[in-house]
Amino acid sequence: MSTTVDTSSGSPCRVRMSLPGSDCSAQKWIRWSALWSRRKWTKVEQSRQTPSKSRITLGSCGAGGGGGRPPAREDRAQRLTVKEVNEALESRCAKVRALHRPFDELRLHHELEHKPDLLLLTNFDYTLLGSGIVTALNSLKAEELLRPGTAVLPPAARVWAMAVQVLADTGVPIDSSPAEKLLWSPTLRRVCLDEPHARRTLRPLTRPAVVCGFDFRATAPPIKPDKCALELSVVEDGRANAVVFWFEMPLGAGGVVSSAPLAALPAGAAQLGLGQALQYLEPAPVREGGRLLLHASHSRTRFLFSHAEVDGRPAPLPPPRRGLVLQSQLQLLQDANLNRTMAAALRKALFRLPASKPALVLHVNAGIGTQSVVAAQARPDVADYVVACEKSSTLLEVAEQIARSNSVGERISFLQKDCRNLKAHEDMPHKADVLLLECLDTALLSEGILHYLQHLRGSFTAEHAAILPAAAVVKGMLVEMRSGEVHGVDMTMSDAYRWSKEMKPVHLKEEEYTQLTEVFDIFVFDFMSSAVEQQVENLEIVISRDGIVSALVVWFDLILDEDIVVSTSPFVPPEQALSFGQGLVYLQPAETRVRRGATLPLLAAHNSLEMMFTIEEDKLTRKGADCELLPHTRFDPRWEGARVNLDDQWKKIIQGLAAAPKDSASLQEGVMRFAAQSAAFGIDTGVAERCALTFLSD
């Protein structure tokens, strides 16, 4: 038997077991696996002590992996560093050797005793190329580290693509087409066509077609940048403003794996949980029965699509772009469930007011003005007026266009300012009858809703003004989130690398956690009276199931009025889920083994902007064996030190650029290059897009 350990960012993330076809005792099996730690690759050699000849396998670190629900053993989870990982492996195998080397520094007869028999390529992401699969393979071939007989898994890949129309649909019956100008990004965005949000906002316009193929075999030449013409058959009228693409890879006797959506998944293929990649295009009209011509090209790290022609003429160069909106922000603007529910509560509040007197609505964090338009349209026979505040000039410009396209532009005053800078008689003719706040996020408070309320209540609102939302209840539950065993292999050593200091936005699925407590209330906010102040709650949480407390899942119920409530709960059906998702907090100081019926002391606090949760260790020691802290720490302190140092350096860069416009222009150009080809520089796509937002926002 042989074991392959694949890791990411210096931490174990997957262990795979494979059985040789012949008698295991008669062979010596050696597996090489790549572990990445701070731009360095670590190779782990594992062997059986038998006199027969060796076989070598090269493995590249990659995305993927899985999780299991069976109970996990905590004694394997005390792994923080590569050294500790190696010590753990030594307890399970006869020989372990670790080397820190990038692929292009591996040398025959130095790092490698001889050329490998098997090469495992697992460093692919939803774009196929973004994690360096081609770069790693080309490096090995350039150094002549592969022999002709070296088996490569996967041996090939094929890429499919289709044109789609991304709809600027907000879920309410207004014309929001001007928001199409927000549909762009320098990066390739991840989408999942099987999710409800994508099914509503993405319309397939063409049949899928093969873009290109890649030959990963050892005897194939190195992969070079290439381009081709792509002709797509149009099956529906629309405006093609994006391309969605995915890939499939054969695994020999293991079948085929694919990142395709279910509707395009090959028969018998296993679907990867990576999702699909989306690239925005300049909008081009297409008609059913016609064809769409695109140019498709790829470098070693990215695909690029562009129009070959529009309306029978060569496609012009796309205009320069500014005003980037992150994918998470765009999904919130298009959250149909939230928008429809908020619109219903807003209309209800307006119709409660006397029709003899026009109402004034103050809309805070108006975004693209969806609810402002709803308020202006609610009572067409009454001269209601809306004052909408939005800090982003990009969103405000789109909001003004949407208001004009819905013929309510004269009823709405759009102000580019923080609502705390409003001037009573200059910006507002009188106090507001309805106060609508859309300053919400996963953690409820982080966008400053309590600060806005404290400033606006009374000074800018009438005595009996309606406030939407009216209240909120923060709820939570304790869960076990451990890797457990995957196909009989203990994966718990990877749990030490789940930790994150901040509350992590997630969309939990039932198979990802084990619920250890009933749902409990943490904080209650009445927005008619809540003030900016610190609040501390000492909670005693009753355990309803034996297990190991790994994390706290936090969400909120948003009470819009006495009848209308929406929730970010993980128990809401997917088609009704809000884009906020839930917050995941990895509890300090460590994971805790608990027994049913015990109570866990939990300290919950907030300062009106951030929430903090921790286990009260001094009270826990009195619980005895019912609540026992596990001996390992939750994270590698070097990670936290590196994060703090990076944040500090970034702040210094931004401060320095304020006094050096020339340097700012140069850095902006560099950031755009990083965002467009983030994988080539070893930068995460999401990080690159957020960095680009720094220079493209107001």
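A quick note: this is a predicted structure, and the numbers were derived from the prediction, not measured.

Calculation criteria
Residues numbered from 1 in each chain as written. Predicted model: local features only at pLDDT ≥ 70, side-chain atom pairs only at ≥ 80, totals over all residues. Heavy atoms only, no water. Helix = DSSP H or I, 4+ residues; strand = E, 2+ residues; numbered from the N terminus. Buried < 20%, exposed > 50% of the residue type's maximum accessible area, 1.4 Å probe, protein only. Contact = heavy atoms within 4.5 Å. Areas by Shrake-Rupley, 256 points an atom, 1.4 Å probe, with all protein chains shown as cover. Disulfide = S-S within 2.5 Å. Pairing = 2+ DSSP bridges. Axes fitted to C-alpha atoms, helices over the stretch in contact; angles between N-to-C directions. Salt bridge = Lys/Arg side-chain N within 4 Å of Asp/Glu carboxyl O. Core = buried A, V, L, I, M, F, W, Y, C linked by side-chain atoms within 4.5 Å. Expected span 1.5 Å × (residues − 1). Polar contact = N/O pair within 3.5 Å; in protein donor to acceptor, adjacent residues only side chain to side chain. Phe/Tyr/Trp six-rings, centres within 6.5 Å; stacked < 30°, edge-to-face > 60°.

K.L.:
So what's going on with the overall build of the chain? Which residues, and what values?
P.N.:
A count of helices and strands for the chain gives 13 helices and 43 strands. Looking at the chain as a whole, 52% of its 698 residues are labelled buried. Here the analysis covers contacts within the chain between residues at least 6 apart in sequence; of these, 80% occur between residues at least 24 apart. When the accessible surface of the chain is split by element, carbon and sulfur atoms take 52% of a total near 31,600 Å².

K.L.:
Could you give an account of the state of the cysteines, naming the residues involved and the relevant values?
P.N.:
Under the defined criterion, the tally for this structure stands at zero disulfides. In this model Cys419 remains outside any disulfide bridge; the closest cysteine sulfur is found in Cys389, 5.9 Å from its own. Note on Cys419: relative accessible area 3%, which makes it buried. Of the cysteine sulfurs around Cys439, a residue in no disulfide, the closest is that of Cys419, at 6.9 Å.

K.L.:
Go over the sheet that holds strand S21 (residues 303-307), please, and point to the residues and values.
P.N.:
Strand order in the open sheet made by the three strands is S15-S20-S21, with antiparallel pairing throughout. In this open sheet, the two edge strands, each paired with only one partner strand, are strand S15 (226-233) and S21. Ignoring which end each strand starts from, the neighbouring axes of this sheet average 30 degrees apart. Relative to strand S20 (residues 291-298), S15 is paired through eight bridges, and the arrangement is antiparallel. If you follow Cys228 over to S20, its bridge partner there is Ala296.

K.L.:
Kindly report on the pattern of salt bridges, identifying the contributing residues and their values.
P.N.:
When their charged atoms lie close together, side chains carrying opposite charge are able to pair. Per the stated rule, a full pass over the model turns up 21 salt bridges. Ionic pairing is found between Arg352 and Glu562, a salt bridge with its closest N-O pair at 2.1 Å. Residue Arg352 is found in the loop between helix H5 (336-351) and strand S24 (360-364), and its partner Glu562 is found in the loop between strand S37 (551-559) and strand S38 (565-567); the two are separated by 210 residues along the sequence. For the pair Arg352 and Glu562, one class covers both residues: exposed.

K.L.:
Describe in detail the nonpolar core, supporting the description with residues and values.
P.N.:
Leu362, Leu552 and Phe613 are the most contacted members of the largest nonpolar core, which totals 109 residues. Considering each element in turn, this core owes the most residues, seven residues, to H5. Apart from residues lying up to four places away in sequence, Leu362 is in contact with Val387, Cys389, Leu422, Met428, Ala432, Val434, Leu435, Leu436 and Leu456. Among the nonpolar cores identified, the runner-up in size contains 48 residues, and Leu205, Phe216, Leu230 and Leu292 belong to it.

K.L.:
With reference to specific residues and values, describe unusual backbone geometry.
P.N.:
For the bond running from Leu153 to Pro154, omega is -5 degrees, close enough to zero to count as cis. Here Pro154 lies in the loop between strand S10 (151-153) and strand S11 (156-166). Despite not being glycine, Asn365 has its phi angle at roughly 55 degrees, a positive value. With respect to the helices, strands and loops of the structure, Asn365 is situated in the loop between S24 and helix H6 (370-378).

K.L.:
Describe in detail H5, supporting the description with residues and values.
P.N.:
Look at H5: 22 Å from first C-alpha to last across 16 residues, which is about the 22 Å you get at 1.5 Å a residue. Listing the buried residues of H5 in full gives Ala336, Asn337, Leu338, Asn339, Thr341, Met342, Ala343, Ala345, Leu346, Ala349 and Leu350. The N-terminus of H5 is capped by Asp335, whose side-chain oxygen sits 3.3 Å from the backbone nitrogen of Asn337.

K.L.:
Please give an account of the packing of aromatic side chains that cites residues and values.
P.N.:
With the rule as written, the count across this model stands at nine aromatic pairs. Arranged with centres 6.4 Å apart and planes meeting at 15 degrees, the rings of Phe303 and Phe305 form a pair that is stacked. On the basis of relative accessibility, which here comes to 1%, the residue Phe303 falls in the buried class. Aromatic side chains Phe523 and Phe525 sit 6.1 Å apart centroid to centroid with 45 degrees between the ring planes, which places their arrangement in the tilted category. Each residue in the set Phe214, Phe216, Phe245, Phe303 and Phe305 is aromatic and connected to the rest through ring pairs, giving one cluster.

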